Amino acid sequence: MSVPDGSTLLDIYQTATTIRQCDERFLAMLTAGEIAMTYYSPRGQEVISAAVSANLQPADYVVTTYRGIHDHIAKGVPLDLLWAEFLGRATGTCKGKGGPMHITHPASGLMVTTGLVGAGLPIANGFALASLMKADGRVTVCNFGDGATNIGAFHEALNLAALWNLPVVFVCQNNLYGEKTPFARHTKVAHIVDRATSYRMDAVRADGNDAEQMWQVSREAVGKARAGGGPTLVEAVTFRFRGHNFGDDSSYIPPEQMARALTEDSVPRLRALLLEAGHATEDELAELEKQVAVQIDEAVQFALDSPFPDEAEIRRDVYRDEVTV
Amino acid sequence: MTTVAQPVTGARRVTFGEACRLALEEAMAADPNVFILGEDIGDAETGGTFKVTKGLSTRFGTDRVRTTPISEQAIIGAAIGAAIAGMRPVAEIMLMNFTTVAMDQIVNHAAKLRFMSGGMTSVPITIRTATGAGRGTGAQHSDMLEAWFAHTPGLKVVMPSSPAEARGLLLSCIFDDDPCIFVEKKEIYGMRGELGEPGERIPLGQARVARRGEHVTVIAYGGAVGESLVVASQLAQEGIEAEVIDLRTISPWDRETVLSSVGRTKRAVVVHEAVRQFGVGAEISATIGEELFGELAAPVQRVASKNLPVPFSPALERVFLYSRDDIEQAVRTVAGASR
């Protein structure tokens, strides 16, 4: 199995640190009362998206879920348009009509963000089916959480994807909590990858905090799908540091579990690896982080300076033709 | 309830089911992006429960006529994703009650993705589904749920009344850029009628005046159109001339045609097989009341099935279903009212 080179790891770090800094900025602005929204922090899942996307082409499709900003950023949704949509502005990816839970930016391949647990999997199959029928060589990646693996749509979709040999990679970002209930209280199945066995689908369990491993695992799965080898279920195990949504204090998470998870935290871990392996110096990483902060400053300012949608916008996009209301 | 054939003058008489198949065949021949998926639809699986897709997998191959597992969410989800990616999928959900299994995909996704994406994506899918009472299929294989879908902005809901309507409307649904629910009343699959020109589409959102009349406007769709026409012919012998409007598209519905007709007749009866409460008839009746209140000679009458699950026993199913007698009674009631 090939290993990611220094430049690849640096790219993954740049994406992951962009996600983390965006998250910190959202949390700070929400805490200060400068903005208001239902916000689902990706903290803990940054490296998964960054490493998977490092193996995708711009034309490849991504479907994700309401906790999805890490997937949006990793797939290349422009930060200014993303921030504008999160803030409900006319300049956002969806003209302010979707919001944080429904980011769509086809130009980046980010096709659907759903607010319904598990609903993305059957739709991801559709993108993959179109690619199969058109032989366009695209791969679809579908992201979802561990909570989605106990809903019917997950099972219908896995069965169909395996049956039709679809070019899709299902990435379960297992953050060990579905809403406020721990994984072990959702199912007696020990590992999510075990689910794939019954559908005769390849599956691999990976440390979602290990950038090298995530890159390798997703490279293999994406490559296999592109080559006509069919779907894979990837279980990327990580942790959810900032509750189900903003305002959730995670009081139900045992402090020792939280403390242990922090020692595995993916972004600092990748940073240490880059330094240790000599892929970058402390100064170079500090400079990279500074540049990311500047980009986010600009995106936030763009969003804040953008107008809210005109009221006439409400009549558009219900159907192809405008409606009267 | 018996069914009514369209008047026939030419030689091209086909059944309602054959007309649906013709539309699928024409659409698939015209556009390689059209494909169909659903349970049992391939010829190896007998060409569909109602044989509507018979012959299509043999002609177009199993790549474009995809028999699926019994997985309604997976069927609709696959149609949605493929549609966003540029295809024009036609998903067959064997019976309308089974659409309930896929409601998340239909209501939260197909209906809303265009809006939620600010028009960045669209979902040009057609969901064909069969249903209807009258042949003892009971409470879970007979429901008319069109009002559920019509209550969801973003969906188009279509219900044809004859072979020609089925073919022309289905073609329009397939090539429409929005998600369409196409409801086939299974008890009229055998209805025969004449077809229009090959490939002829009937525009969505436009009602048809199926019969001219000056005294009462009867608004119906699907199987209720034929029933209403029979009653209208009988009443004409007594000098009561009913105008029968075939709504064709339930959502968005043709308010102009309906309001213009009722504006003339001052009397309206809405007829559908679905249960009365919170139904399509309530919406149409309310709109007529809002727009024409001072001009009406009588309150709008609704003819519908009773507010019950569909019973199995023929003795009970008869009681559940609306009847020609109900239509006749309602027309007489409004026709008898004078201003």
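Residues numbered from 1 in each chain as written. Chains lettered and ligands numbered in written order. Predicted model: local features only at pLDDT ≥ 70, side-chain atom pairs only at ≥ 80, totals over all residues.

Enquirer: In this structure, what is going on with the interface of chain B and chain A? I would like to understand it.
Expert: Reports of interface size often rely on the accessible area that becomes lost once the parts have come together. In this complex, chain B contributes 35 residues to the contact, which on the side of chain A involves 34 residues. Counting only elements with at least two residues in the side of chain B that touches chain A, the list comes to helix 3 (72–84), helix 4 (103–110) and helix 5 (113–116) of chain B. By residue number, the principal contributor to the side of chain B that touches chain A is helix 3 of chain B, which donates 9 residues. Counted by class, the side of chain B that touches chain A contains 15 nonpolar, 15 polar and 5 charged residues. (Contact = placed C-beta atoms within 7 Å. Helix = DSSP H or I, 4+ residues; strand = E, 2+ residues; numbered from the N terminus. Nonpolar A, V, L, I, M, F, W, Y, C, P; charged D, E, K, R; others polar.)

Enquirer: Looking at this structure, how should I read the pairing of strand 10 (residues 216–220) of chain B?
Expert: When a strand is regular, its side chains alternate between the sheet's two faces. All names here are of chain B. A large share of strand 10 lies buried, amounting to 5 of its 5 residues. By the bridge criterion, 5 bridges tie strand 10 to strand 11 (residues 242–246) in an arrangement that is parallel. Paired with V216 across the bridge in strand 11 is A242. Of the crossover connections in this fold, the one passing from strand 10 over helix 8 (residues 223–236) to the parallel strand 11 is right-handed. Pairing of strand 10 with strand 13 (residues 268–275) involves 4 bridges; the strand directions are parallel. The residue bridging T217 from the neighbouring strand is A268, located in strand 13. (Buried ≥ 20, exposed ≤ 12 C-beta atoms within 10 Å, placed from the backbone. Pairing = 2+ DSSP bridges. Right-handed = clockwise from strand over helix to strand, strands pointing away.)

Enquirer: Can you help me understand unusual backbone geometry in this one?
Expert: Excluding glycine, a negative phi dihedral is what most residues carry, and trans is how most peptide bonds are arranged. Cis geometry marks the peptide bond from S251(B) to P252(B), where omega comes out at -5°. Residue placement: P252(B) occurs in the loop between strand 12 (249–251) and helix 9 (255–265). Positive phi is not limited to glycine here, since E179(A) has a value of about 50°. In this fold, E179(A) is placed in the loop between strand 5 (177–178) and strand 6 (181–182). Positive phi outside glycine occurs at R248(B), with the angle close to 65°. The residue R248(B) is located in the loop between strand 11 and strand 12 in this model.

Enquirer: Even after reading the chapter, I still don't get the pairing of strand 4 (residues 168–174) of chain A, so can you show me in this structure?
Expert: Residues and elements named next belong to chain A. Within strand 4, 7 of the 7 residues are buried, which leaves the element mostly enclosed by the surrounding structure. Summarising the sheet, strand 3 (residues 140–145) and strand 4 pair through 6 bridges and their orientation is parallel. Bridge pairing links N143 to V171 in strand 4. Handedness of the crossover joining strand 3 and strand 4 through helix 6 (residues 152–163) is recorded here as right-handed. Alignment of strand 4 against strand 8 (residues 232–237), held across 6 bridges, turns out to be parallel.

Enquirer: What am I meant to see in helix 7 (residues 163–174) of chain B here?
Expert: The periodicity of an α-helix, 3.6 residues per turn, causes residues three or four positions apart to be oriented the same way. All names here are of chain B. End to end, helix 7 covers 17 Å across 12 residues, agreeing with the expected 16 Å (1.5 Å per residue, within 8%). Extensive coverage of helix 7 is indicated by the burial of 12 of its 12 residues. Taken together, the buried positions of helix 7 are occupied by P163, A164, E165, A166, R167, G168, L169, L170, L171, S172, C173 and I174. (Expected span 1.5 Å × (residues − 1).)

Enquirer: Even after reading the chapter, I still don't get the environment of K134(A), so can you show me in this structure?
Expert: Residue and element names in this part refer to chain A. As for its position among the elements, K134 is in helix 5 (residues 120–134). Here K134 falls in the partly exposed class, since 15 other C-beta atoms lie within 10 Å of it. As a C-alpha pair, K134 and F241 span 107 residues in sequence and 41 Å in three-dimensional space.

Enquirer: How do you make sense of the environment of A232(B) when you look at a structure like this?
Expert: All names here are of chain B. Inspection of the secondary structure puts A232 in helix 8. Note on A232: 23 C-beta atoms within 10 Å, which makes it buried. Residues A232 and G263, 31 residues apart in the sequence, show an inter-C-alpha distance of 19 Å. Not counting residues within four places of it along the chain, the set of residues in contact with A232 comprises R211, G213, V218, A242 and V244.

Enquirer: What am I meant to see in the confidence of the model for chain B here?
Expert: Do not read the predicted coordinates in detail wherever pLDDT is low. All names here are of chain B. Averaged over every residue, the pLDDT of chain B is 95; the share at 70 or more is 96%. Counting interchain partners and residues more than four positions distant, the pLDDT-below-50 stretch residues 1–8 has 22 contacts. Two summary scores accompany this predicted model of the complex, namely pTM at 0.97 and ipTM at 0.97. (pLDDT = per-residue confidence, 0-100.)

Enquirer: Explain the packing of helix 5 of chain A against helix 3 of chain B to me, please; I cannot follow it from the model alone.
Expert: One can describe the packing of helix 5 of chain A onto helix 3 of chain B by two numbers: an axis separation of 6 Å at closest approach and a directional angle of 50°. Considered as vectors, helix 5 of chain A and helix 3 of chain B are oriented oblique to each other. Considering how the two elements wind past one another, helix 5 of chain A and helix 3 of chain B form a crossing that is right-handed. Within the contact between the two elements, helix 5 of chain A uses P122(A), I123(A), A124(A), N125(A), G126(A), F127(A), L129(A) and A130(A) and helix 3 of chain B uses Q73(B), A74(B), G77(B), A78(B), A79(B), I80(B), G81(B) and A82(B). Grouping the amino acids of the contact of helix 5 of chain A with helix 3 of chain B by side-chain chemistry returns 11 nonpolar, 5 polar and no charged. (Axes fitted to C-alpha atoms, helices over the stretch in contact; angles between N-to-C directions. Parallel < 35°, antiparallel > 145°, perpendicular 65-115°, else oblique. Left-handed = near helix turned anticlockwise from the far one by under 90°.)

Enquirer: Teacher, can you tell me more about the sheet that holds strand 3 of chain A here?
Expert: Backbone hydrogen bonds hold the strands of a sheet together, and the pairing may be parallel or antiparallel. Residue and element names in this part refer to chain A. Overall, parallel pairing links the 6 strands, which are arranged 2-1-3-4-8-7 in an open sheet. Whereas interior strands pair on both sides, the edge strands pair on one side only; in this sheet they are strand 2 (110–114) and strand 7 (202–207). Each strand of the sheet is rotated relative to its neighbour by a mean of 15°, with strand direction disregarded.

Enquirer: Please clarify how the domain arrangement of chain B should be interpreted in this entry.
Expert: All names here are of chain B. Taken domain by domain, chain B holds domain 1 (14–194) and domain 2 (208–336). Once you take the C-alpha centre of each, domain 1 and domain 2 turn out to be 26 Å apart. Across the contact, 25 residues belong to domain 1 and 23 residues belong to domain 2. At the level of elements, helix 6 (146–150), strand 6 (156–158), helix 7 and strand 7 (180–185) are the ones that each hand at least two residues to the side of domain 1 that touches domain 2. In terms of residue class, the side of domain 1 that touches domain 2 is made up of 13 nonpolar, 6 polar and 6 charged. (Domains from an automatic or database assignment.)

Enquirer: How should helix 10 (residues 266–276) of chain A be read in this particular structure?
Expert: All names here are of chain A. Buried within helix 10 we find S266, V267, L270, R271 and L274. The buried side chains of helix 10 occupy one side of the element, clustering within an arc of 135° when seen end-on. The outward face of helix 10, more than 90 degrees from its buried face, is lined by the exposed residues A272 and E276. Elements in contact with the buried residues of helix 10: helix 1 (6–31), helix 2 (46–53), helix 8 (211–226) and helix 11 (282–305). A positive backbone phi angle near 75° is found at G278, which sits one or two residues after helix 10. (Arc of directions from axis to C-beta.)

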